[in-house]
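# Report on the structure
Here's the letter readout for the chains.
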Amino acid sequence: NTIKDFDIKYGNDSNERLFIYMALQVVHDPQQVPDEYLNLYPSTMYSNRRLMDAMASLMDNAVMNITKILKSTGIWNDTILLFTADNGGCTGVDSKSGNNWPLRGGKHSDFEGGVPATSFISGGYLPDHRRGQSLDGYIHICDWYQTCADLVGVSISSLPSLTNETIPDIDS
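Every residue gets a number counted from 1 within its own chain, in the order that chain's sequence is written. Reporting in this predicted model follows two pLDDT cut-offs: at least 70 for local features of residues, and 80 or more for side-chain atom pairs to be given and counted; totals over whole chains, interfaces and linings ignore these cut-offs and use all residues. Side-chain descriptors were evaluated using all non-hydrogen atoms of the structure, hydrogens and water having been removed beforehand.

### Topic: the nonpolar core
The biggest cluster of nonpolar side chains holds nine residues, and these are Val26, Val33, Tyr37, Leu38, Leu51, Met52, Ala54, Met55 and Met59. Examining the composition of this core, we find that five residues originate from one element, helix H3 (residues 47-73), more than from any other. Sequence-distant contacts of Leu51, defined by excluding residues within four places in its chain, comprise Gln31, Val33 and Leu38. Counting six residues, the second largest nonpolar core, distinct from the first, contains Phe6, Ile69, Leu70 and Ile75. Joining through side-chain atoms within 4.5 Å is the link that ties buried Ala, Val, Leu, Ile, Met, Phe, Trp, Tyr and Cys residues into a set, and such a set is a nonpolar core. Classification of residues uses two cut-offs on accessible area relative to the type maximum, computed with a 1.4 Å probe and protein chains only: under 20% is buried, over 50% is exposed, and between them is partly exposed. Secondary structure is summarised from DSSP: a helix means a run of H or I of at least four residues, a strand means a run of E of at least two, and numbering begins at the N terminus for each. Whether two residues are in contact is decided by their heavy atoms: any pair within 4.5 Å suffices.

Below is the structure:
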């Protein structure tokens, strides 16, 4: 309803902006999902994998619903959608089906399997020359600030400082 309400109130007024932060914790503990998603997968599957796949399907459905409403209202044309994970999958004895192969380790470790996470940017506002590109490299979550500012044509030097504090040395 938030997206529809925004569209009704502002329509195509290019001076108004809508920011939505959607933290989809569904592929996470506690591992629960409605039966309609669990039943998409055969009961013969390994139970933790089946549950994880069902939670991912629920997440996919949520993103699809948000995308559909953005497109139906025309807001998609001015949208930047950033989708990112926070860490690699959980592995180990109680792994709950995480798999970071061919990387070693996972969530709660400093091995390469726990650090990288998948991300992508989409949306109607994304410039044509950036669409369909795949980049294989490392970024940090802090890099999204500069990336998003660049996409909308804002120099971060014109923005207020994110903090007045200095970051102490690691060993201080």
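### Brief notes about helix H4 (residues 143-151)
An α-helix turns once every 3.6 residues. As a result, residues three or four positions apart point the same way. Taken together, the buried positions of H4 are Trp144, Ala149 and Leu151. One face of H4 carries all of its buried residues, which in axial projection span an arc of 160°. Close packing links the buried residues of H4 with strand E1 (81-84) and strand E2 (119-122). Gly153 lies just past H4 and shows a positive phi near 75°. Of all possible arcs, the one meant is that of the directions from the helix axis to the C-beta atoms.

### What to know about the packing of aromatic side chains
Any two of the Phe, Tyr and Trp rings considered here, Trp counted by its six-membered ring, make a pair once their centres fall within 6.5 Å; the pair's planes then place it as stacked at under 30 degrees, edge-to-face at over 60, or tilted in between. Enumeration according to the criterion identifies one aromatic pair in this entry. Their ring planes at 15° and their centres at 5.1 Å tell us that Phe83 and Phe120 sit as a pair that is stacked. Taken together, the residues Phe83 in strand E1 and Phe120 in strand E2 connect sequence positions 37 residues apart. Residue classification places Phe83 among the partly exposed positions, given a relative accessible area of 24%. Here the guanidinium or amino end of Lys71 rests over the ring plane of Trp76, the centre of that ring lying 5.2 Å away. Our definition puts a charge over a ring when NZ of Lys or CZ of Arg is within 6 Å of the ring centre and also within 35 degrees of the ring normal.

### Here we look at the side chain of Asn100
In this fold, Asn100 is placed in the loop between E1 and E2. With relative accessibility at 15%, the residue Asn100 sits in the buried group. Distance and chemistry together define a polar contact, namely a pair of N or O atoms within 3.5 Å, with one atom able to donate a hydrogen and the other to accept it when in protein, and with adjacent residues in sequence counting only for side-chain atoms on both sides. Separated by 3.3 Å, the side chain of Asn100 and the backbone oxygen of Gly113 make a polar contact. Dropping the residues within four chain positions of it, Asn100 is found in contact with Gly88, Gly89, Thr91, Gly105, Gly106 and Gly113.

### Considering the pattern of salt bridges
Should a side-chain nitrogen of Lys or Arg be within 4 Å of a carboxyl oxygen of Asp or Glu, the pair is scored as a salt bridge. Counting across every chain of the model gives two salt bridges. Of the charged contacts, one joins Arg131 and Asp128 as a salt bridge, the two residues approaching to 3.3 Å between their closest N and O atoms. With relative accessibility at 66%, the residue Asp128 sits in the exposed group.

### What about the side chain of Thr79?
Relative to the assigned elements, Thr79 resides in the loop between H3 and E1. Since its relative accessible area comes to 11%, Thr79 is described here as buried. With residues near it in sequence (within four places) discarded, Thr79 still touches Leu70, Ser122, Gly123, Gly124, Tyr125 and Leu126.

### What to know about unusual backbone geometry
Residues Trp101 and Pro102 are joined by a peptide bond in cis, for which omega reads 10°. You can see Pro102 is positioned in the loop between E1 and E2. Here the phi dihedral of His108 falls at roughly 75°; this positive angle occurs in a residue that is not glycine. On the secondary structure map, His108 appears in the loop between E1 and E2.

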